[in-house]
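As a plain string of letters, each chain reads:
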Amino acid sequence: MNFDNKKFRELLESIRLVYGYDFTDYAEASITRRIAHFMSSRKLETLDELAKMILKDDKLFEELVQEISVTVTEVFRDPIFYKSLRENVMKRLATYPFIKIWIAGCATGEEVYSIAILLKEEDLLSRSVIYATDINQKSLQIAKEGVYTIDNMKIYTSNYQKAGGEKSFSEYYKAKYNSVLFDKSLKQNIVFSPHNLAVDKSFNEFQLIICRNVLIYFNQQLQNKAINLFYDSLCPFGFLGLGNKESLLFSDKIKHFEDVDRKEKIFIKST
């Protein structure tokens, strides 16, 4: 489906004005593909038809947001990243009397519970608070509930073990029928909240910020804006973790970070 560029930009601007969601700096190939899929699934042929519907229907617009925002994730996804956090970051976090962590773009929460488990095993969870944010309200609700299909537990257990976990992963959840519920003790120090990296500001100072596999859907300008937001939100010598296909390359703050683990994209704010 080919879009008229002017009409497409007018649609994004209308969304920004009506709902406050700014998708204008998302990577064009990604957002056009997702909007085209959304239109096809609802048998909409033109952007004018789409605009007429979503600008008057809040629920339909939320469905579009769910289509645009990416929710692919796993518990301990890319386990070597978590192993590196365990080996290179946790001991430094332990020097703080109180630890604040921001997981930006938390999707359906699997990554949030991964961090909570890691903190618990390092005896840091009781003095930590994890702020888990996402643009997608439906994903946030799933994250809050902490209920996932049992079919994925074999993969999650393997990821956990590769990430350096030494306990039985089943200690962290209860299985019932075809679902599992993560232990309530993991949730006690988690705050779930909506946040839009494109338009929202810093809301706290953190020792660790994790934003993995989100920036790849932004253009260079929005990537730079997000990295600046993370820089402003980190305390001196705070840590930043990105996805394995992401970098600080397009950020004007690149000189203000040093590598902790270059391969796993873990950085420390140096100045």
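Refer to the structure printed above.
Residues numbered from 1 in each chain as written. Predicted model: local features only at pLDDT ≥ 70, side-chain atom pairs only at ≥ 80, totals over all residues. Heavy atoms only, no water.

**Student:** Describe the nonpolar core, listing the residues and the values that go with them.
**Tutor:** Membership of the largest hydrophobic core comes to 46 residues, with the highest contact counts inside it found for F23 and F230. Among the elements that take part in this core, helix α11 (residues 220-233) stands out by supplying six residues, more than any other. Other than its neighbours up to four places away in sequence, F230 contacts W102, A104, L197, I209, C211 and L240. Counting residues in hydrophobic clusters, the runner-up holds 43 residues, among them A116, L119, L124 and A163. (Core = buried A, V, L, I, M, F, W, Y, C linked by side-chain atoms within 4.5 Å. Buried < 20%, exposed > 50% of the residue type's maximum accessible area, 1.4 Å probe, protein only. Helix = DSSP H or I, 4+ residues; strand = E, 2+ residues; numbered from the N terminus. Contact = heavy atoms within 4.5 Å.)

**Student:** Lay out the pairing of strand β7 (residues 206-211) in plain terms, naming residues and giving numbers.
**Tutor:** For a regular strand, the rule is simple: side chains alternate between the two faces of the sheet. Among the six residues that make up β7, six are buried, leaving the element largely enclosed by the rest of the structure. Bridge count between strand β1 (residues 99-104) and β7: three bridges; the pairing is parallel. Directly across from I101, in β7, lies its bridge partner L208. Sheet topology note: the β7/strand β8 (residues 234-242) ladder contains five bridges and is parallel. Bridged to I210 within β8 is G241. With respect to chirality, the unit in which β7 leads through α11 into the neighbouring parallel β8 is right-handed. (Pairing = 2+ DSSP bridges. Right-handed = clockwise from strand over helix to strand, strands pointing away.)

**Student:** Go over helix α9 (residues 153-162), please, and point to the residues and values.
**Tutor:** Those residues of α9 lying buried are M153, Y156, N159 and Y160. In a view along the axis of α9, the buried residues occupy a sector of 120°, so they form one face of it. Where α9 is buried, its residues meet α5 (79-88), α7 (110-121), β3 (147-149), β4 (173-176) and β5 (179-182). One or two residues past the end of α9 sits G164, with phi positive at roughly 100°. (Arc of directions from axis to C-beta.)

**Student:** Give me the lowdown on the packing of helix α1 (residues 5-19) against helix α3 (residues 47-54), citing residues and values where you can.
**Tutor:** Look at α1 against α3: their axes get within 10 Å of each other, and the N-to-C directions meet at 5°. It follows from the interaxial angle that α1 and α3 lie roughly parallel. Residues K7, F8, L11, I15 and Y19 of α1 lie in contact with α3, whose contacting residues are L47, D48, L50, A51 and I54. Class assignment for the residues of the contact of α1 with α3 results in eight nonpolar, no polar and two charged. (Axes fitted to C-alpha atoms, helices over the stretch in contact; angles between N-to-C directions. Parallel < 35°, antiparallel > 145°, perpendicular 65-115°, else oblique. Nonpolar A, V, L, I, M, F, W, Y, C, P; charged D, E, K, R; others polar.)

**Student:** Account for the environment of E122, naming residues and giving values.
**Tutor:** Note on placement: E122 falls in the loop between α7 and β2 (128-134). Here the alpha-carbon distance between E122 and K91, two residues 31 residues apart in the chain, equals 8.4 Å. In contact with E122, other than residues within four places in its own chain, are R86 and M90. Looking at E122, its side chain comes within polar contact range of the side chain of R86, at 3.4 Å. (Polar contact = N/O pair within 3.5 Å; in protein donor to acceptor, adjacent residues only side chain to side chain.)

**Student:** Summarise the packing of aromatic side chains; cite the residues concerned and give the values.
**Tutor:** Tallied over the entire structure, the rule returns 25 aromatic pairs. An aromatic cluster of at least three residues, connected via ring pairs, comprises F76, F81, Y82, Y113, Y148, Y160, F169, Y172, Y173 and F182. In this arrangement the basic side chain of K253 is found over the ring face of Y231, its NZ or CZ atom lying 5.2 Å from the centre. Directly above the aromatic system of Y231 lies the positively charged group of K269, at a separation of 4.2 Å from the ring centroid. (Phe/Tyr/Trp six-rings, centres within 6.5 Å; stacked < 30°, edge-to-face > 60°. Lys NZ or Arg CZ within 6 Å of the ring centre and 35° of its normal.)

**Student:** Quick rundown of unusual backbone geometry? Include the residues and the values.
**Tutor:** At F76, a residue that is not glycine, the phi angle is positive and equals roughly 50°. Locating F76 in the fold gives a position in the loop between α4 (58-68) and α5. Even without being a glycine, D123 presents a positive backbone phi close to 60°.

**Student:** An account of the sheet that holds β3 is requested, with residue identities and associated values reported.
**Tutor:** An order of β3-β5-β4 is seen for the three strands of this open sheet, with the pairing classed as antiparallel. Each of the sheet's edge strands pairs with one partner strand only, and the pair in question is β3 and β4. Strand-to-strand twist in this sheet, taken as the mean axis angle between neighbours without regard to direction, amounts to 30°. Of the pairings in the sheet, the one linking β4 to β5 comprises four bridges and is antiparallel in character. Bridging from a neighbouring strand, K176 pairs with S179 of β5.

**Student:** Account for α7, naming residues and giving values.
**Tutor:** In a regular helix each residue adds 1.5 Å, so twelve residues correspond to 16 Å; α7 covers 17 Å between its end C-alpha atoms and thus fits that length. In terms of residue burial, α7 counts as a mostly covered element, since eleven of its twelve residues are buried. By the burial criterion, the buried members of α7 are E110, E111, V112, Y113, S114, I115, A116, I117, L118, L119 and E121. With its phi angle positive at about 60°, D123 sits one or two positions after the end of α7. (Expected span 1.5 Å × (residues − 1).)

Geometric descriptors of this kind do not, in isolation, establish any biological role.
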